[in-house]
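# Descriptive structure summary
Below, each chain spelled out in residue letters.
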Amino acid sequence: LVPGPAWGEDNPVSITSDQMEADDQSKMVTFLGHVVARQKDVVLNCDVMRVYYMREGSNAPAAQPGDPLDAMGGGGASEIERIECDGNVKVTQGEKMALSEKAVFMAKATPRVIILTGEPRIWRNRDYLTGRRITFYLDENRSVVEGGGPGRVNATFYTAPQADGKGPATAPRPNP
């Protein structure tokens, strides 16, 4: 659900929330309440978002202790390592929408992945998919849906109408 190109200057992430707490010692920024993150055509909503980052060495002057911009890169270059979302997670991109209670985006993994847990469900147009855990391999344009226990994989797919709009694009199945 997140676009292929890596996060960076050409793909900035814009995040709004009711409150933000930055902890440069832990290399984490927490956004609380009505969180909305945007990058290109992807929008992510949740109750709480924790952004973990890595700090690279830099010749830039260090920010003053307690400066909230220090956690956002003011004391040297920062790079997002992973993002964890909790509560009422909603991810949209074009005609795709995913809902879950938790999401983890592993920005530094190769390939990059986003993992949805807590009753994850996905829609693309009318198609619908659920499972216990859904993993998207972003750089490979593939996904894995895991069931298990009482939470089996459930998928509903609709066929596209023919070019003349009078029925399915595939021939109907004969009666046995």
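Every value quoted in this text rests on a predicted model; they were computed, and no experiment measured them. (Residues numbered from 1 in each chain as written. Predicted model: local features only at pLDDT ≥ 70, side-chain atom pairs only at ≥ 80, totals over all residues. Heavy atoms only, no water.)

Let's shift gears to the overall build of the protein. The helix and strand inventory of the protein stands at 0 helices and 12 strands. For the protein, the α and β elements follow one another from N to C terminus as β-β-β-β-β-β-β-β-β-β-β-β. Taking as baseline every contact in the protein between residues at least 6 positions apart, the subset at least 24 positions apart corresponds to 43%. Entry remark: accessible area of the protein is about 10,900 Å², with carbon and sulfur atoms responsible for 50%. (Helix = DSSP H or I, 4+ residues; strand = E, 2+ residues; numbered from the N terminus. Contact = heavy atoms within 4.5 Å. Areas by Shrake-Rupley, 256 points an atom, 1.4 Å probe, with all protein chains shown as cover.)

A few words now on the environment of Ser17. Along the chain, Ser17 turns up in the loop between β1 (14-16) and β2 (19-23). When near neighbours in sequence (up to four residues on either side) are disregarded, Ser17 contacts Phe31, Leu32, Gly33, His34 and Val35. At 2.8 Å, the side chain of Ser17 forms a polar contact with the backbone oxygen of Gln19. (Polar contact = N/O pair within 3.5 Å; in protein donor to acceptor, adjacent residues only side chain to side chain.)

Applying the stated criterion across every chain, the model contains 1 aromatic pair. The interplanar angle of 50° and the centroid separation of 5.1 Å between the aromatic rings of Trp123 and Tyr128 together place this pair among those described as tilted. Under the relative-accessibility criterion, Trp123 is labelled partly exposed at 24%. Classification of Tyr128 by relative accessible area gives partly exposed; the value is 25%. The ring of Tyr158 carries Arg126 above its face, with NZ or CZ at 3.7 Å from the centroid. Sitting above the plane of the Tyr137 ring, Arg142 keeps its charged end 4.0 Å from the centroid. (Phe/Tyr/Trp six-rings, centres within 6.5 Å; stacked < 30°, edge-to-face > 60°. Buried < 20%, exposed > 50% of the residue type's maximum accessible area, 1.4 Å probe, protein only. Lys NZ or Arg CZ within 6 Å of the ring centre and 35° of its normal.)

The final tally for this structure, using the stated rule, is 8 salt bridges. Residue Arg142 is joined to Glu140 by a salt bridge in which the shortest nitrogen-to-oxygen separation is 2.5 Å. A residue is classified by how much of its surface remains accessible, and Arg142, at 39% relative accessible area, is partly exposed. Several salt bridges share partner residues, and in doing so they unite Arg50, Arg82, Glu84, Asp86 and Lys102 into one network. (Salt bridge = Lys/Arg side-chain N within 4 Å of Asp/Glu carboxyl O.)

For the rest of this paragraph, the subject is unusual backbone geometry. Omega for the peptide link from Thr110 to Pro111 comes to -5°, which places this bond in the cis form. One non-glycine residue with positive phi stands out, namely Asn88, at about 50°. You can see Asn88 is positioned in strand β5 (residues 78-93).

Turning our attention to the nonpolar core. One finds Leu44, Cys46, Met49, Cys85 and Phe136 to be the most contacted residues of the largest nonpolar core, which totals 24 residues. For this core, the secondary structure elements donating two or more residues are β3 (28-39), β4 (42-55), β5, β6 (96-106), β7 (113-117) and β10 (133-137). Element by element, the count of residues in this core is highest for β4, at 6 residues. Those residues within four positions of Met49 in sequence are excluded, and the remaining contacts are Ile15, Val29, Thr30, Phe31, Val35, Ala37, Leu44, Ile83, Glu84 and Cys85. (Core = buried A, V, L, I, M, F, W, Y, C linked by side-chain atoms within 4.5 Å.)

Bringing the pairing of β3 into the picture now. Note that β1 and β3 share 3 bridges and pair antiparallel. Residue Thr16 lies in a different strand from β3, and its bridge partner there is Val36. Pairing of β2 with β3 involves 5 bridges; the strand directions are antiparallel. The residue bridging Ala22 from the neighbouring strand is Val29, located in β3. (Pairing = 2+ DSSP bridges.)

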